[in-house]
Amino acid sequence: SAVISQKPSRDICQRGTSLTIQCQVDSQVTMMFWYRQQPGQSLTLIATANQGSEATYESGFVIDKFPISRPNLTFSTLTVSNMSPEDSSIYLCSVEVGGMDYEQYFGPGTRLTVT
Amino acid sequence: AQSVTQLDSQVPVFEEAPVELRCNYSSSVSVYLFWYVQYPNQGLQLLLKYLSGSTLVESINGFEAEFNKSQTSFHLRKPSVHISDTAEYFCAVRSFTGGGNKLTFGTGTQLKVEL
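The following paragraphs examine the structure supplied in this document. Note that the structure is a prediction, hence the values are computed from the model and not measured.

### Considerations on the interface of chain A and chain B
Reasoning step 1: Counting residues at the interface gives 18 residues for chain A, matched by 18 residues for chain B.
Reasoning step 2: Interface area for chain A against chain B, summed over the two sides, is near 1500 Å², with a carbon-plus-sulfur share of 52%.
Reasoning step 3: Sorting the residues of chain A by area buried against chain B places Ser42(A), Tyr102(A) and Phe106(A) first, and these three jointly supply 33% of that buried surface.
Reasoning step 4: The interface formed by chain A and chain B contains two salt bridges.
Reasoning step 5: Here Glu96(A) ties to Arg94(B) by a salt bridge, and the two come within 2.9 Å at their closest N and O atoms.
Reasoning step 6: For the interface between chain A and chain B, the tally reads five residue pairs in polar contact (both at pLDDT 80 or more).
Reasoning step 7: Mapped onto the side of chain A that touches chain B, the elements with two or more residues apiece are β4 (31–37), β5 (43–50), β9 (89–96) and β10 (104–106) of chain A.

What follows is the structure, encoded as structure tokens:
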């Protein structure tokens, strides 16, 4: 298993500013994922972040808006840039634990409100 | 492309009654199937999974799900629910296509257990 922490747990930000969300895992993992969960909706994958390579973004998400860093095997950051109210959402970090179980573990999420 | 449909957005049920949360998926290749649970103000937790073998899988807290390939379903059931089962339940599918090992989530079912 994996224990994941995220900072901040919540924030209220003004339109046009940026917020960087941190994700820390208690073990080394290869694959990390960032998801968005908009109010009343399901989880949508933003990007996959593997250590040592550029993040891979899903359709509808771009690096300029959601830059991601993955400096080592236990840490990643997601920045939400030039925020608008439409970015209000819960942002979740997730990791895949190795082996054949294909289990993904999720952090507690960062609740972002943009005013 | 793969997709997941959770037919019920909300399921109210009385305590000790049985419950079934429905999940259907579409994929042109073999899939792995998951149920995640999100308790109020908490992160997602893996409830149970189907990878291969027996089509009936169980969780430690009394839930079970059955993989039905012909009906492309993975419904979640519990014979007697408890008030503590109140949560959002997400069905997810992973298939190994050219898109890699991405998890696709359904829109979730809010289970509300009442006394």
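### Let's talk about the pattern of salt bridges
Reasoning step 1: Inspection of the entire model under this criterion finds seven salt bridges over all chains.
Reasoning step 2: Notably, a salt bridge pairs Glu103(A) with Lys49(B), separated by 2.4 Å at the nearest N-O pair. In this pair, Glu103(A) sits in the loop between β9 and β10 while Lys49(B) sits in strand β6 (residues 44–50), so the two residues belong to two different chains.
Reasoning step 3: Residue classification places Glu103(A) among the buried positions, given a relative accessible area of 13%.
Reasoning step 4: Each of Glu20(B), Glu66(B) and Arg77(B) takes part in salt bridges that share partners, so that together they form one network.

Here is what the cut-offs are and how they apply
Residues numbered from 1 in each chain as written. Chains lettered and ligands numbered in written order. Predicted model: local features only at pLDDT ≥ 70, side-chain atom pairs only at ≥ 80, totals over all residues. Heavy atoms only, no water. Contact = heavy atoms within 4.5 Å. Buried area = accessible area lost by both parts, 1.4 Å probe. Salt bridge = Lys/Arg side-chain N within 4 Å of Asp/Glu carboxyl O. Polar contact = N/O pair within 3.5 Å; in protein donor to acceptor, adjacent residues only side chain to side chain. Helix = DSSP H or I, 4+ residues; strand = E, 2+ residues; numbered from the N terminus. Buried < 20%, exposed > 50% of the residue type's maximum accessible area, 1.4 Å probe, protein only.

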